Amino acid sequence: MTTETPNPAFEPEPSVLPPSPPSAATDFKPAHVDALTSPRFLFGLYVLIKHAGWAALKEAGVLPKPIDTFMSNAEVSISYFFTMSGFVLAYVYMAKFAQKGSLGRYARARFSRVYPVFLLSLVLMIPFVPWVSLAHDLPQFFLLQSWVPGVWADGSVVSNWNMQSWTLSVELFCYITFPWTIRWLEMRSTRAIVGSTVAICVLMVALRLPGYDEPVHALSVWQTYLPFPLIRWPEFIYGILLAIIYRRGAAPKSPLTLHLLLIVVVVLLLTVHSLWLYGPLAVMSGIIVLLLTTSSTSSPLNGILTHPIAVMLGRASYSLYILQLPIYLILHAAFPTGWFAKLAYVPLMIGLSIVVFFVYEEPMHRWLRGAKPKKMAAPLS
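The model shown is predicted, which means the values in this text are computed figures rather than measured ones. (Residues numbered from 1 in each chain as written. Predicted model: local features only at pLDDT ≥ 70, side-chain atom pairs only at ≥ 80, totals over all residues. Heavy atoms only, no water.)

Topic: the overall build of the protein chain
- Helix and strand content of the protein chain: 17 helices and zero strands.
- Looking at the protein chain residue by residue over its 381 residues, the buried ones come to 51%.
- Nonlocal contacts in the protein chain, meaning residues at least 24 apart in sequence, comprise 79% of its contacts between residues at least 6 apart.
- Element-wise, carbon and sulfur atoms account for 72% of the exposed surface of the protein chain, whose accessible area totals about 16,600 Å². (Helix = DSSP H or I, 4+ residues; strand = E, 2+ residues; numbered from the N terminus. Buried < 20%, exposed > 50% of the residue type's maximum accessible area, 1.4 Å probe, protein only. Contact = heavy atoms within 4.5 Å. Areas by Shrake-Rupley, 256 points an atom, 1.4 Å probe, with all protein chains shown as cover.)

Brief notes about the environment of M71
- Structurally, M71 is set in helix α4 (residues 65-72).
- Taking the relative accessible area as the measure of exposure, M71 reaches 9% and is therefore buried.
- Note: C-alpha distance between M71 and K50 (21 residues apart in sequence) is 5.9 Å.
- Setting aside residues no more than four positions away along its own chain, M71 makes contact with Y46, I49, K50 and W54.

Some words on a nonpolar patch on the surface
- Taken together, the side chains of W131, L134, L138, F142 and L144 define a hydrophobic patch exposed on the protein surface, amounting to about 500 Å² of accessible area.
- With respect to the helices and strands, L138 occurs in the loop between α7 (134-137) and α8 (166-185). (Patch = residues over 30% accessible without salt bridge, like charges linked within 9 Å, V, L, I, M, F, W, Y side chains within 5 Å. Salt bridge = Lys/Arg side-chain N within 4 Å of Asp/Glu carboxyl O.)

Focus: the pattern of salt bridges
- The tally for this structure, following the rule as stated, stands at five salt bridges.
- We note a salt bridge from E362 to R113, for which the minimum N-O separation is 3.0 Å. Note that E362 is positioned in helix α17 (residues 340-369) and R113 in helix α6 (residues 102-125), a separation of 249 residues in sequence.
- Here R366 ties to E362 by a salt bridge, and the two come within 3.3 Å at their closest N and O atoms. Taken together, the residues span about one helical turn, with R366 and E362 both in helix α17 at a distance of four residues.
- For R366, a relative accessible area of 13% corresponds to the buried category.
- Residue E362 is classed as buried on the basis of its relative accessible area of 3%.
- What emerges from the salt-bridge pattern is a single network uniting R113, E361, E362 and R366.

Encoded structure:
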């Protein structure tokens with residue numbers, strides 16, 4: 001999904017940090033890692049293209065098998081968003097919640113980054129969805145629509161007008177628990193952090209947690225009785241653990257491993273479609289996040305990932321992701337026949353997401369935080 005991180009302007013930090021004891025507060029200011037920002041656009045575009053007409057092309061049988069398989073796996077992008085969200089939040093906020101007023105500033109930053117565009121998406125959906133009742137429709141305005149256990153999450157209990165917003169509902173739970181989670185984890189030893197990281201990976205793979213986005217995909221019936229954010233929470237925790245490993249200088253640096261892992265991921269996406277694949281891919285996505293942080297500057301990818309246009313598209317990817325359904329409905333209502341709406345949808349969404357970011361999202365973010373106008377900093381997740 002989607003999701004942003006607080007984005008005050010930070011000074012650059014060294015690519016490899018000196019080890020620190022688990023209870024020590026670091027005294028440097030984290031930098032924006034553009035190599036993590038730009039992939040957001042690629043993953044957002046991946047989901048957008050699937051929703052733009054993959055089902056019709058699949059039914060028509062015009063897609064080559066590898067492309068069909070690749071598009072079938074688009075939901076794996078969500079694991080990258082959840083894991084990177086946990087990574088960047090921990091990267092920014094580690095050792096900071098002991099400061100007075102930090103919790104309030106964190107909450108205001110999260111709200112101002114996420115809610116304005118989400119509210120815009122709901123407003124745009126109003127002409128296309130019926131209002132059932134206050135109890136049925138209001139929870140989504142507070143991002144509580146995914147907190148209903150899967151066994152009842154069929155739309156009969158609470159509505160979810162914008163289908164992509166279930167990821168924001170999960171992120172809300174992650175945001176609420178994050179300050180206490182990071183403070184508890186940063187007091188653990190490095191050995192305990194590494195052990196917990198391995199345990200989280202085993203849990204995700206063995207229980208196929210990243211492959212669960214609706215009750216029909218649950219591995220066991222008992223999973224459907226859990227609030228949905230608990231099912232996807234391990235992906236977020238995984239990112240936090242990786243960030244702690246990085247901040248303590250224990251992260252590996254290997255451009256070769258980064259390149260090989262990217263190749264393996266692409267090959268798997270093109271050749272295998274199975275819910276069992278989602279767990280291993282979630283594990284690999286976390287390793288990629290870590291290696292992008294430590295190794296991108298030594299990689300040929302660095303010039304691409306840190307190019308101003310790529311970073312700008314990454315900044316605008318939240319609107320690209322969360323506005324895709326209302327814009328799709330508006331476009332097809334305006335052009336109910338012909339191919340124009342189908343052909344124009346993806347390029348229109350890319351252009352519109354850039355406009356929304358500069359004209360609405362970033363100004364609202366700064367206004368709600370009470371920040372004075374200054375050079376814009378990049379949101380990371």
